[in-house]
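# Structural characterization, general
Chain by chain, the residues run as shown.
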Amino acid sequence: MESIFSKIVAGQIPCYKVAENDSFLAFLDINPLAKGHVLVIPKVQVDYIFDLDDETFIQLNLFAKSVAIAMKKAITCNRIGVTVIGLEVPHTHIHLIPINEVNDMNFSNKKITLSNHEMQKIANYINTFI
Ligand code: 5GP
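Just so it is clear, the model here is predicted, and its values are computed rather than measured.

With the rule as written, the count across this model stands at five aromatic pairs. Considering the side-chain rings of Tyr125 and Phe129, the 5.1 Å spacing of their centres and the 90° angle between planes classify their relative orientation as edge-to-face. The rings of Tyr48, Phe50 and Phe57 are connected pair by pair, giving a single aromatic cluster.

Spelled out as structure tokens, the structure:
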């Protein structure tokens with residue numbers, strides 16, 4: 001079955017795109033823990049990150065690194081936290097989250113709400129540093 005992220009890749013569902021190349025896509029999490037919370041995915045649908053072939057795994061992480069570097073330039077924060085959970089959407093995704101302290105990575109925290117305009121603005125701004 002097509003994941004919601006495959007539908008985003010196919011353009012069937014919109015996203016706030018941050019960066020893209022032939023194999024990978026970065027876009028804002030729709031339910032962010034922090035302003036600028038990004039998901040980085042391979043376009044190929046593989047549920048579990050450690051089932052990716054080595055080359056895709058390496059390239060995904062290099063792509064995520066370039067996105068995280070851009071995020072750090074765009075957003076005032078201590079650093080960009082990185083984590084993989086994947087219990088909700090069965091399509092590999094790396095969370096990149098601007099953080100100031102360890103608790104900012106706590107997925108039990110209340111999510112923030114931003115307007116469509118703010119989401120688009122952040123995605124566009126991060127993209128200018130890619
Ligand atoms: P996980 O699978 O890592 O536990 O969580 C999935 C993440 O994907 C969540 O943070 C959730 O907010 C995000 N998410 C779920 N559906 C969508 C969607 O349709 N669009 C976007 N941009 N993010 C989504």
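Below, the discussion takes up the pairing of strand 2 (residues 24-28). Where burial is concerned, most of strand 2 is hidden: five out of the five residues are buried. A two-sided burial pattern is seen for strand 2, the buried positions comprising Phe24, Ala26 and Leu28 on one face and Leu25 and Phe27 on the other. Relative to strand 2, strand 1 (residues 17-20) is paired through three bridges, and the arrangement is antiparallel. By the bridge assignment, Glu20 is partnered in strand 2 with Leu25. Between strand 1 and strand 2, which pair antiparallel in sequence order, lie three residues. Note that strand 2 and strand 3 (residues 38-42) share five bridges and pair antiparallel. The residue of strand 3 that forms the bridge with Phe27 is Leu39.

Turning our eyes to something else, we now look at the pattern of salt bridges. Opposite charge on two side chains lets them pair, provided their charged atoms get close. Going through the model one piece at a time under the given rule, you end up with two salt bridges. A salt bridge links Lys17 to Glu20; its shortest N-O distance comes to 2.6 Å. Relative accessible area serves as the criterion here: at 41%, Lys17 is assigned to the partly exposed category. Where salt bridges share partners, they join Lys17, Glu20 and Lys43 into one cluster.

Take the environment of Leu96 next. The residue Leu96 is located in strand 5 (residues 94-99) in this model. By relative accessible area, which is 3% here, Leu96 ends up buried. For Leu96 and Leu39, which are 57 residues apart along the polypeptide, the C-alpha to C-alpha distance reads 6.3 Å. Aside from chain neighbours lying at most four places away, what touches Leu96 is Gly36, His37, Val38, Val40, Ala64, Val67, Ala68, Met71, Ile80, Gly81 and Val82.

A separate point is the site of the ligand. If you check the shell around the ligand, you find 16 residues, and the closest are Leu28, Asp29, Glu88, His93 and His95. Interatomic distance of 2.5 Å between a side-chain N/O atom of Asp29 and an oxygen atom of the ligand. The contact in question runs from an oxygen atom of the ligand to an N or O atom on the backbone of Gly86, over 2.9 Å. For the ligand, the protein covers 88% of the area, taking 530 Å² as the surface of the free molecule. Elements with a contribution of two residues or more to the shell around the ligand: helix 1 (4-9) and strand 2. Of the residues that constitute the shell around the ligand, the class distribution is 10 nonpolar, four polar and two charged.

Quick notes on the rules
- Residues numbered from 1 in each chain as written.
- Predicted model: local features only at pLDDT ≥ 70, side-chain atom pairs only at ≥ 80, totals over all residues.
- Heavy atoms only, no water.
- Phe/Tyr/Trp six-rings, centres within 6.5 Å; stacked < 30°, edge-to-face > 60°.
- Buried < 20%, exposed > 50% of the residue type's maximum accessible area, 1.4 Å probe, protein only.
- Helix = DSSP H or I, 4+ residues; strand = E, 2+ residues; numbered from the N terminus.
- Pairing = 2+ DSSP bridges.
- Salt bridge = Lys/Arg side-chain N within 4 Å of Asp/Glu carboxyl O.
- Contact = heavy atoms within 4.5 Å.
- Near = heavy atom within 4 Å.
- Polar contact = N/O pair within 3.5 Å; in protein donor to acceptor, adjacent residues only side chain to side chain.
- Areas by Shrake-Rupley, 256 points an atom, 1.4 Å probe, with all protein chains shown as cover.
- Nonpolar A, V, L, I, M, F, W, Y, C, P; charged D, E, K, R; others polar.

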